[in-house]
Amino acid sequence: MATLAEKIATSLEILKDLQDKNRCVILNGTNEIGRTHLTRLLDNGWLQEVMKGWYIAAKPGTEGDTTVWYTSFWCFIAKYAYVRLGEQWCLTADQSLDLYSGKTIVPVQAIIKSPNGHNNTQKLMYNTSLLVFQSEIPEQIYKEPEYGLNLYPLAEALVYATPRYFVMERIAARTCLSMIQDATDILKVLTKKGASVRAGRMAGAFRNIGNNEIADSILSTMKGFGYDVREEDPFEDQMQLPIAYHVSPYATR
C-alpha cells in the first residue's frame, strides 16, 4: 500500500504536468484533475481555493501571502470568463487601457462586460472581486497574449474610456495615446457612432501629448461630417514635452 508521501508525490506529478502546459494553473473543479488528487493537493497546501469550485496552484506555507493570488489574478479572470461566457466578453475600456499601457497591477475589482452578464459581484481572494455586467461589447475583440484576456481594441478603448480615466490614470492614458500612429482607427470608431463629445475629448487628449496632427484630423473630419465638435482637454495638467511614438508601452512609461 502506498504511503501518504507517495500519494502526495503522485498528485504533485499531475500538478507539475499541468504547470508545464500552462503559464498559471487555474482549476475549475475536477475538469482537469481527479477529485482525489484535488482534495489531497488542497489539504496539503499545494492548491488554494479562490471561490467555490475554483483553485489556483500554491505552495505549502503561503497561506495568507497575497503574492500567489496576485500573480494568478489575470489568468484566473481570463479562464473564469471563458468558462462562464465563452468568447462573448471583454474587460472595460478603462481596464483594457491599463493592460495596453503595461500596467498589470491587480485592481480591487475586475470588471467584465458581456451580453450574457448577470450584473452580480463575485467576491474573490484578499478583498478583490469580479463584476460581470450585462452590456454590449465591441464587434472586434483583441485577445491579449500574455494572460488570454479579451480587451477593447486600442483605439476603441481610448474613445470609450471614462473622462475620469484621463485624470486618475494620466500616465497610462498618455502611454496609450502615444501608441496611436494616425487618426484612422480613432475616426472609424467616432464616425460609426457619431460621437461628437468623445471626438472633442480625443482631439484635446492628442493635443495634450503634442500630437496636433491627429487632433486636427479628428476635428476637421468630424466637422466635415456635420458634427458639432468642441475640443476639450480631459487631462488636468499639461505635458512639458511632447510624447514620442513608441511601439512598446514600457518605453513610453
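Treat the numbers as computed from the prediction; the structure is a model and nothing was measured. (Residues numbered from 1 in each chain as written. Predicted model: local features only at pLDDT ≥ 70, side-chain atom pairs only at ≥ 80, totals over all residues. Heavy atoms only, no water.)

In this section: the sheet that holds strand β1 (residues 26-28). The pairing of strands in a sheet comes from backbone hydrogen bonds and takes either a parallel or an antiparallel form. The three strands are arranged β1-β3-β2 in an open sheet whose pairing can be described as antiparallel. Bordering the open sheet on either side are β1 and β2 (47-51), each of which pairs with just one other strand. Taken over all neighbouring pairs, the strand axes of this sheet differ in orientation by 30° on average, direction set aside. Pairing between β2 and strand β3 (residues 54-57): four bridges, direction antiparallel. Directly across from glutamine 48, in β3, lies its bridge partner isoleucine 56. Across the sheet, helix α3 (residues 66-85) is in contact with β1, β2 and β3; its angle to β3 comes to roughly 140°. (Pairing = 2+ DSSP bridges. Helix = DSSP H or I, 4+ residues; strand = E, 2+ residues; numbered from the N terminus. Axes fitted to C-alpha atoms, helices over the stretch in contact; angles between N-to-C directions. Contact = heavy atoms within 4.5 Å.)

Two numbers describe a pair of aromatic rings. These are the distance of the centres and the angle of the planes. Per the stated rule, a full pass over the model turns up eight aromatic pairs. Each residue in the set Trp54, Trp69, Phe73, Trp74, Phe76 and Tyr80 is aromatic and connected to the rest through ring pairs, giving one cluster. Between the NZ or CZ atom of arginine 174 and the centre of the ring of phenylalanine 235, over which it lies, the distance is 4.2 Å. (Phe/Tyr/Trp six-rings, centres within 6.5 Å; stacked < 30°, edge-to-face > 60°. Lys NZ or Arg CZ within 6 Å of the ring centre and 35° of its normal.)

Ordered by their spatial adjacency, four strands build an open sheet running β4-β5-β7-β6, and the pairing between neighbours is mixed. The open sheet has two edge strands with one neighbour each: β4 (90-91) and β6 (120-123). Here β6 pairs with strand β7 (residues 129-134) via four bridges, running antiparallel. Residue pairing for β7: threonine 121 is matched across the bridge by leucine 131. Contacting β4, β5 (109-114) and β7, α3 runs over the sheet at an angle of about 30° to β5.

Core analysis: the biggest nonpolar cluster contains 70 residues, and Phe76, Ile77, Leu149, Ile186, Phe206 and Ile218 have the highest contact counts within it. The biggest single contributor to this core is α3, with 11 residues. With sequence-adjacent residues up to four places away left out, isoleucine 218 is seen in contact with Ala183, Ile186, Leu187, Leu190, Ala199, Met202, Ala203 and Phe206. One finds Leu18, Leu27, Leu47 and Ala57 within the second-largest nonpolar core, a separate group that totals 10 residues. (Core = buried A, V, L, I, M, F, W, Y, C linked by side-chain atoms within 4.5 Å. Buried < 20%, exposed > 50% of the residue type's maximum accessible area, 1.4 Å probe, protein only.)

Mapped onto the secondary structure, glutamate 32 falls in the loop between β1 and α2 (35-43). Sequence separation of glutamate 32 and leucine 15 is 17 residues, and the distance between their C-alpha atoms is 9.8 Å. Glutamate 32 has contacts with Leu18, Ile26, Leu27 and Lys79, leaving out every residue within four places of it along the chain. A distance of 2.6 Å separates a polar atom in the side chain of glutamate 32 from a polar atom in the side chain of lysine 79. (Polar contact = N/O pair within 3.5 Å; in protein donor to acceptor, adjacent residues only side chain to side chain.)

Considering the arrangement of structural elements, one finds aspartate 98 in helix α4 (residues 93-100). In this structure, aspartate 98 is buried with no salt-bridge partner, the nearest side chain bearing the opposite charge being lysine 103 at 4.1 Å. (Lys, Arg positive; Asp, Glu negative; His and termini not counted. Salt bridge = Lys/Arg side-chain N within 4 Å of Asp/Glu carboxyl O.)

Another point: the side chain of lysine 103. Tracing the sequence through the fold places lysine 103 in the loop between α4 and β5. Judged by its relative accessible area of 17%, lysine 103 is buried. Within the structure, lysine 103 has its side chain in polar contact with the side chain of glutamate 169 (distance 2.8 Å).

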